[in-house]
Amino acid sequence: MIRKIETKNAPAAIGPYSQAVCANNMLFLSGQIPVNPETGLVVEGGVKEQAERVFKNIDAVLSASGAKKENIVKACVFIKDMNDFALVNEVYSAYFSGCEVLPARSCVEVARLPKDVLVEIEAIAIL
């Protein structure tokens, strides 16, 4: 069974995709960018503030599915500038602090992200 996960507590999809899809007890979260769902605007500040907003959006989508950060098994981080790797890691580490098992992860520098943001993160979780 495949079902769509949707919440108003995270930014609405800006294209033809779902915020997340649940299939066979696996949750596939679309990439989250640092958009405040209440205003529809990219948060102000640098990559650290943007990464913090991304994780708030991830939490909202996880919550809508009944999952939490401990359910994440894989994360893919896309950053505009690899020089921001340490700052993103700082936020990433704080988000997953207390988790017994950290997700597998990849991190790549990309030429451009939607709305010209500095970071986007997608994730896979188990339910």
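Per an unreviewed UniProt entry, the protein is named RidA family protein, and its organism is Candidatus Ornithospirochaeta avicola.

Caption draft 1: Unusual backbone geometry, seen in detail. A positive phi angle, close to 50°, is found at Asn 24, a residue other than glycine. Among the structural elements, Asn 24 can be located in the loop between strand S2 (20-23) and strand S3 (26-32). Phi at Lys 115 takes a positive value of approximately 60°, unusual for a residue other than glycine. Positionally, Lys 115 belongs in the loop between strand S5 (104-109) and strand S6 (119-126).

Caption draft 2: Structural detail: the pattern of salt bridges. Overall, the coordinates contain three salt bridges when judged by the stated rule. Residue Asp 116 is joined to Arg 112 by a salt bridge in which the shortest nitrogen-to-oxygen separation is 2.6 Å. Classification of Asp 116 as partly exposed rests on a relative accessible area of 47%.

Caption draft 3: Local environment of helix H1 (residues 47-65). Along its 19 residues, H1 runs 27 Å from first to last C-alpha, staying within 8% of the 27 Å computed at 1.5 Å per residue. Every buried residue of H1 is listed here: Val 47, Gln 50, Ala 51, Arg 53, Val 54, Phe 55, Asn 57, Ile 58, Ala 60, Val 61, Leu 62 and Ser 65.

Caption draft 4: Expanded view of helix H2 (residues 85-96). Look at H2: 16 Å from first C-alpha to last across 12 residues, which is about the 16 Å you get at 1.5 Å a residue. The complete set of buried residues in H2 reads Val 88, Val 91, Tyr 92, Tyr 95 and Phe 96. For H2, the buried positions fall inside an angular range of 125° around the axis, keeping them on one side. Across from the buried face of H2, at angles greater than 90 degrees, the exposed residues are Ala 86 and Ala 94. At its buried positions, H2 is contacted by H1, strand S4 (72-79), S5 and S6. The first or second residue beyond H2 is Gly 98, which carries a positive phi of 90°.

Caption draft 5: Structural detail: the state of the cysteines. The tally for this structure, following the rule as stated, stands at zero disulfides. For the unlinked cysteine Cys 107, the closest cysteine sulfur is that of Cys 76, found at 9.8 Å.

Caption draft 6: Expanded view of the nonpolar core. Counting 30 residues, the largest nonpolar core has Leu 27, Ile 58, Leu 62 and Val 119 as the members making the most contacts within it. Breaking this core down by element, the ones donating at least two residues are S2, S3, H1, S4, H2 and S6. If you tally residues by element for this core, the top one is H1, at eight residues. Once residues lying within four places of it in the same chain are set aside, the contact partners of Leu 62 are Leu 27, Leu 29, Ala 67, Lys 68, Lys 69, Ile 72, Tyr 95 and Ala 125.

Conventions we followed
- Residues numbered from 1 in each chain as written.
- Predicted model: local features only at pLDDT ≥ 70, side-chain atom pairs only at ≥ 80, totals over all residues.
- Heavy atoms only, no water.
- Helix = DSSP H or I, 4+ residues; strand = E, 2+ residues; numbered from the N terminus.
- Salt bridge = Lys/Arg side-chain N within 4 Å of Asp/Glu carboxyl O.
- Buried < 20%, exposed > 50% of the residue type's maximum accessible area, 1.4 Å probe, protein only.
- Expected span 1.5 Å × (residues − 1).
- Arc of directions from axis to C-beta.
- Contact = heavy atoms within 4.5 Å.
- Disulfide = S-S within 2.5 Å.
- Core = buried A, V, L, I, M, F, W, Y, C linked by side-chain atoms within 4.5 Å.

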